[in-house]
Amino acid sequence: MYDIIVNPLGGKGKSLKALKAAEKIFAERGVEYTVHNTEYAGHATELARELSRKPEAKILVFGGDGSFNEVLNGIENFENVTLGMVPCGTGNDFVRASGHPTKIKEAIDLILKDNVGYIDYIDVGSRRCLNVAGAGMDVDVLLRYATMKAFRGKLKYYASLIDTLIHVKWHKLRLTIDGKTMDKSVFMIGVGNGTCIGGGMPICPDAKVDDGLLSVVIVNEMKKSRIPVELPGFLSGKHVKKDYTEVYSAKEVTVEVLDDGKIELDGEVIDDKILECKVVHNVLKVYR
């Protein structure tokens with residue numbers, strides 16, 4: 001028996017379309033399932049919390065990074081849960097790193113093969129993060145995205161990115177990486193379990209979702225005149241080879257925001273000024 005969590009409004013209709021395709025496959029193969037529709041923000045977390053109390057919970061999430069994050073934050077007993085991911089969001093950034101199929105039929109076929117493995121996630125104290133936590137430019141882009149009325153989807157994200165770069169500002173952070181503390185003026189920082197943000201920008205291109213490590217990418221302050229020239233490198237992941245970038249692998253990372261900036265977790269902006277990240281290894285079971 002599979003329990004499906006789906007946002008019927010997710011992905012501008014993609015989630016429901018994916019669910020219908022899955023239901024056809026389930027009917028053909030005689031697979032039992034129950035559908036749980038989310039009705040409001042945070043409902044997926046509540047549903048996952050309740051379902052994870054089952055002795056054997058097979059939870060399939062039809063959605064994008066936001067839905068995956070909500071479900072992850074609801075799991076109470078990881079030993080009972082196996083998570084299935086059917087990507088049908090706008091960006092689907094996490095599956096770029098995890099290697100899960102992006103096509104619905106392939107994602108369902110993978111789940112029905114019943115092969116189980118583990119992936120990491122980031123424990124940030126009161127919350128969990130599956131893909132990337134960050135501060136700096138990526139937060140500025142998300143804040144601009146939330147207020148921009150023109151465009152939609154990826155085009156809206158890139159328009160927000162361009163506007164942010166035109167009005168770029170540096171952010172003051174205090175970082176502690178596996179016990180070593182440093183103060184930085186940065187363009188941005190990404191603490192990655194996954195690799196990409198914003199629908200495909202590989203901010204942490206070398207991150208691996210199952211190696212028990214976080215990939216920390218610090219893009220330091222640079223001459224503003226360099227930004228237009230360097231932008232293509234950010235879109236291709238080549239920024240990690242440049243002189244303004246530092247890359248670390250770590251098990252624990254603390255990010256303290258020293259200015260008016262904010263922090264983001266899996267694309268959601270939060271008001272916390274201190275982010276304490278710890279990698280959690282070999283706990284989250286998924287169909288792989």
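Scroll up to find the structure this text is about.
Predicted, not measured: the structure shown is a model, and the values here were computed from it.

## Focus on the packing of helix 7 (residues 153-166) against helix 8 (residues 227-236)
Think of two packed helices as two axes; the pair is described by the angle between the axes and how far apart they sit.
Right, on to step 1. Relative to each other, helix 7 and helix 8 sit at 145°, their axes nearing to 12 Å. Both helix 7 and helix 8 take part in a crossing whose hand is right-handed. Across the interface between the two elements, Y158, L161 and L165 of helix 7 pack against I227, L231 and L235 of helix 8.
Right, on to step 2. Of the residues contributing to the contact of helix 7 with helix 8, the split by class is 6 nonpolar, no polar and no charged.

## With respect to the packing of aromatic side chains
Right, on to step 1. Per the counting criterion, the structure on display carries 8 aromatic pairs.
Right, on to step 2. Taking the centre distance of 6.2 Å and the plane angle of 15° together, the rings of F234 and Y244 count as stacked. Separated by 10 residues along the polypeptide, F234 in helix 8 and Y244 in the loop between helix 8 and strand 11 (245-250) bring together distant segments of the chain. Side by side, F234 and Y244 carry an identical accessibility label, which is buried.
Right, on to step 3. Ring pairs connect the aromatic residues Y2, F26, Y33 and Y287, which therefore count as one cluster.
Right, on to step 4. Against the face of Y2 rests K58, its NZ or CZ located 5.6 Å from the ring centre.

## Some points on the pairing of strand 10 (residues 214-220)
Right, on to step 1. Extensive coverage of strand 10 is indicated by the burial of 7 of its 7 residues.
Right, on to step 2. Sheet topology places strand 9 (residues 180-192) next to strand 10; 6 bridges connect them, and they run antiparallel. Paired with G190 across the two strands is V217, which belongs to strand 10.
Right, on to step 3. Here strand 10 runs beside strand 11; their pairing, made up of 6 bridges, is antiparallel. Bridged to L214 within strand 11 is A250.

## As for the environment of P228
Right, on to step 1. By secondary structure assignment, the location of P228 is in helix 8.
Right, on to step 2. Counting along the chain gives 66 residues from P228 to I162, while the straight-line C-alpha distance between them is 9.3 Å.

## Things to note about the state of the cysteines
Right, on to step 1. Under the defined criterion, the tally for this structure stands at 0 disulfides.
Right, on to step 2. Residue C88 stays outside any disulfide, its sulfur separated by 18 Å from that of C196, the closest cysteine.

## Remarks on a positive patch on the surface
Right, on to step 1. Together, K12, K14, R152 and K154 give the surface a local cluster of positive charge.
Right, on to step 2. In this structure K12 comes out as exposed when scored by relative accessible area, which is 63%.

## Some thoughts on the environment of M137
Right, on to step 1. In this fold, M137 is placed in helix 6 (residues 137-147).
Right, on to step 2. M137 gets classed as buried once you look at its relative accessible area, which sits at 3%.
Right, on to step 3. In this structure, the C-alpha to C-alpha distance between M137 and S126, residues 11 residues apart in sequence, is 24 Å.
Right, on to step 4. Each residue touching M137, except ones within four places of it in the same chain, is listed here: L161, T164, L165, H171, F187 and M188.

## A closer look at unusual backbone geometry
Right, on to step 1. The phi torsion at D114 lies on the positive side, around 65°, for a residue other than glycine.
Right, on to step 2. In this fold, D114 is placed in the loop between helix 5 (104-113) and strand 5 (116-123).
Right, on to step 3. The exposure class of D114 is partly exposed, given its relative accessible area of 43%.
Right, on to step 4. Even without being glycine, D178 reaches a positive phi, approximately 45°.
Right, on to step 5. Examined against the element boundaries, D178 turns out to sit in the loop between strand 8 (171-177) and strand 9.

Thresholds applied
Residues numbered from 1 in each chain as written. Predicted model: local features only at pLDDT ≥ 70, side-chain atom pairs only at ≥ 80, totals over all residues. Heavy atoms only, no water. Axes fitted to C-alpha atoms, helices over the stretch in contact; angles between N-to-C directions. Helix = DSSP H or I, 4+ residues; strand = E, 2+ residues; numbered from the N terminus. Left-handed = near helix turned anticlockwise from the far one by under 90°. Contact = heavy atoms within 4.5 Å. Nonpolar A, V, L, I, M, F, W, Y, C, P; charged D, E, K, R; others polar. Phe/Tyr/Trp six-rings, centres within 6.5 Å; stacked < 30°, edge-to-face > 60°. Buried < 20%, exposed > 50% of the residue type's maximum accessible area, 1.4 Å probe, protein only. Lys NZ or Arg CZ within 6 Å of the ring centre and 35° of its normal. Pairing = 2+ DSSP bridges. Disulfide = S-S within 2.5 Å. Patch = residues over 30% accessible without salt bridge, like charges linked within 9 Å, V, L, I, M, F, W, Y side chains within 5 Å. Areas by Shrake-Rupley, 256 points an atom, 1.4 Å probe, with all protein chains shown as cover. Salt bridge = Lys/Arg side-chain N within 4 Å of Asp/Glu carboxyl O. Lys, Arg positive; Asp, Glu negative; His and termini not counted. Charge placed at Lys NZ, Arg CZ, Asp CG, Glu CD.

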